[in-house]
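What the coordinates show
Below are the chains, spelled out letter by letter.
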Amino acid sequence: MSFLDAAEKILRDSGSNEAMSYVEITSRAIEAGLIRPEGQTPAASLSAQVGVDIRRREERGERPRFSRPERGKIGLAPDLPVGVADQIEEQNRHVQAQLLARARGSSPDGFEQLVAALLEAMGFEDVEVTSRSGDGGIDVRGTLVVADVVRLRMAVQAKRWKQNVQKPVVQQVRGSLGAHEQGLIITTSGFSKGAREEAERSDASPVALMNGEQLARLLAEKEIGAERTKYDLWTLLD
């Protein structure tokens, strides 16, 4: 069982709506045999994973799984009234579908600029749209700096396509990579089985794949063409 699933089970089985210390949650999960930690600091790992899960769900506009009412404690997020969660998820799916439709309907230059804007929103630096001639199929380049130490150079090919991207495109991108570069193909469609297998080859330079659904979700998360709206929702106390 994952740390997140174990934390949720411990909180639900406690019979109380009160938040618990993440140390206590971890201890109970280990005693119940729900998790078998390999590291020396399982409680810290659980707390970190809960924090990441909360942040990612908030970015995606999804219903939260946990809450942090105070420092060092974790609780279950309150359930939304019946129907409200479904309405939110349906609206988010509709917005993402519209974002993907806009991307598919953009011009080639417009789509490349959209991809560049997404990279910048994701934290890439020195993002540039390459020249149409002599770029070897690469449309956008950028550098992701992690902790001021690691520099990940990314070469991106943007495919505003309706049909699936095939294996030769992955091979073309890999052959166009410069020294210490990694490849990324972003498409408004999907990828064939051959393309996915080629991208996952362990004996070649890595090429990541982002399909249309993933693109639309990231655009929504980074509020490119959409914005996050929050409402106050009142509920009665027991």
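Remember, predicted model here, so these are calculated numbers, not experimental data. (Residues numbered from 1 in each chain as written. Predicted model: local features only at pLDDT ≥ 70, side-chain atom pairs only at ≥ 80, totals over all residues. Heavy atoms only, no water.)

Before going further, it helps to spend a moment on helix α5 (residues 108–121). With 14 residues, α5 ought to run about 20 Å at 1.5 Å a step, and its terminal C-alpha atoms sit 20 Å apart, in line with that. Every buried residue of α5 is accounted for by F111, E112, V115, A116, L118 and L119. In an axial view of α5, the angular spread of the buried residues amounts to 160 degrees, which keeps them on one side of the axis. (Helix = DSSP H or I, 4+ residues; strand = E, 2+ residues; numbered from the N terminus. Expected span 1.5 Å × (residues − 1). Buried < 20%, exposed > 50% of the residue type's maximum accessible area, 1.4 Å probe, protein only. Arc of directions from axis to C-beta.)

A few words on the side chain of T188. Topologically, T188 is positioned in the loop between β7 (181–187) and α7 (193–199). Residues within four places of T188 in sequence aside, it is in contact with L100, A103, R104, F111, K159, R160, W161, G212 and L215. (Contact = heavy atoms within 4.5 Å.)

Once that is clear, we can look at the nonpolar core. By size, the foremost hydrophobic cluster in this structure holds 21 residues, and its most contacted members are V115, L118, V140, V156, I186, M210 and L215. Secondary-structure elements contributing two or more residues to this core are α4 (84–105), α5, β4 (124–129), β6 (150–159), β7 and α8 (212–221). Sort the elements by how many residues they give to this core and α5 lands first, with five residues. The residues touching V115, leaving out its near neighbours within four places in the chain, are V140, V156, A158 and I186. Within the second largest apolar cluster, 16 residues are counted, among which are M20, A29, I35 and V50. (Core = buried A, V, L, I, M, F, W, Y, C linked by side-chain atoms within 4.5 Å.)

Attention shifts here to the sheet that holds strand β1 (residues 20–21). Spatially, the three strands line up as an open sheet ordered β1-β3-β2, and their pairing is antiparallel. Taken across any chain shown, the strands that pair with only one partner, and hence form the sheet edges, are β1 and β2 (66–67). Where β1 lies against strand β3 (residues 73–76), two bridges are found, and the strand directions are antiparallel. When the bridges of β3 are listed, S21 appears paired with K73. (Pairing = 2+ DSSP bridges.)

Another point: the sheet that holds strand β5 (residues 140–146). In a beta sheet, neighbouring strands are held together by backbone hydrogen bonds and run either parallel or antiparallel to one another. Here five strands make up an open sheet; going across it, the order is β4-β5-β6-β7-β8 and the pairing mixed. One side of each edge strand has no neighbouring strand; the edge strands of this open sheet are β4 and β8 (207–210). Mean inter-strand twist for the sheet, computed between neighbouring axes without regard to direction, equals 20 degrees. Summarising the sheet, β6 and β7 pair through seven bridges and their orientation is parallel. Bridge assignment links V156 to a residue of β7, and that residue is L184. Here α8 sits on the sheet in contact with β7 and β8, set at roughly 75 degrees to β8. (Axes fitted to C-alpha atoms, helices over the stretch in contact; angles between N-to-C directions.)

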